[in-house]
Amino acid sequence: MSKPQVGIIMGSQSDLPVMSEAAEILEELGVEIEVTVVSAHRTPERMVEYANEAADRGLKVIIAGAGGAAHLPGMVASMTTLPVIGVPVKSRNSIDGWDSVLSILQMPGGIPVATVALDGAKNAGILAAEIIGAFDKKISANLKGYKESLKEKVLESAKSLEENGWKAKKIGFTK
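Below is a summary of the structure that appears in this document.

Take the sheet that holds strand 1 (residues 6–10) next. Across the sheet, which stays open at both edges, the 5 strands sit in the order 2-1-3-4-5 with parallel pairing between neighbours. Each of the sheet's edge strands pairs with one partner strand only, and the pair in question is strand 2 (33–37) and strand 5 (114–115). Judged from the 6 bridges that link them, strand 3 (residues 61–67) and strand 4 (residues 84–89) form a sheet pairing that is parallel. Its bridge partner being in strand 4, Gly67 is matched across the sheet by Val89. The strands touched by helix 1 (residues 16–28) are strand 1, strand 2, strand 3 and strand 4; relative to strand 1, the strand with the most contacts, the crossing angle is about 170°.

Shown next as structure tokens:
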């Protein structure tokens with residue numbers, strides 16, 4: 001097993017159901033990962049250590065998911081030169097997720113965080129793979145195959161709908 005290229009961190013274990021989507025797509029695309037909990041508020045020293053050592057450990061991208069005040073992605077981005085992708089997580093203490101979205105999205109100049117949709121960890125994983133794929137032909141080829149499979153699914157759906165009609169959904173037609 002080679003060194004992880006993408007670190008997936010989250011503010012709490014309760015974020016794992018969302019953040020696991022990033023892990024799953026990255027594994028599917030052949031990207032080595034590590035996954036852990038790093039809380040900006042409850043373990044700030046751990047967060048500082050993680051951010052400061054990430055590049056030296058070989059990581060190329062960090063995906064950071066957090067709910068509520070969602071400081072983790074921005075704080076990590078302030079301490080590393082690695083690209084950070086923020087995943088706002090709609091947590092039980094969240095205001096419909098908007099607090100998380102805005103906390104990650106509204107970063108000051110000089111500290112960018114790429115931000116995906118609320119609970120959009122799968123897209124965060126794909127974006128991380130695209131960043132790595134810009135320099136890794138194998139990952140790039142895996143991404144090309146993945147995107148081709150998306151195209152094929154749409155074409156299959158279109159064909160089925162055209163052949164069975166729009167009412168087929170009511171009699172068992174599925175996406």
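Moving on to unusual backbone geometry. The backbone phi angle of Ala70 is positive, close to 50°, even though this residue is not glycine. Of note in this structure, Asp96 is not a glycine but carries a positive phi near 55°. Taking the relative accessible area as the measure of exposure, Asp96 reaches 55% and is therefore exposed.

This part takes up the pairing of strand 2. Regular strands place their side chains on alternate faces of the sheet. In this sheet, strand 2 lies alongside strand 1 in parallel orientation, the contact comprising 5 bridges. Bridge pairing links Met10 to Val37 in strand 2. Of the crossover connections in this fold, the one passing from strand 1 over helix 1 to the parallel strand 2 is right-handed.

Conventions we followed
- Residues numbered from 1 in each chain as written.
- Predicted model: local features only at pLDDT ≥ 70, side-chain atom pairs only at ≥ 80, totals over all residues.
- Heavy atoms only, no water.
- Pairing = 2+ DSSP bridges.
- Helix = DSSP H or I, 4+ residues; strand = E, 2+ residues; numbered from the N terminus.
- Contact = heavy atoms within 4.5 Å.
- Axes fitted to C-alpha atoms, helices over the stretch in contact; angles between N-to-C directions.
- Buried < 20%, exposed > 50% of the residue type's maximum accessible area, 1.4 Å probe, protein only.
- Right-handed = clockwise from strand over helix to strand, strands pointing away.

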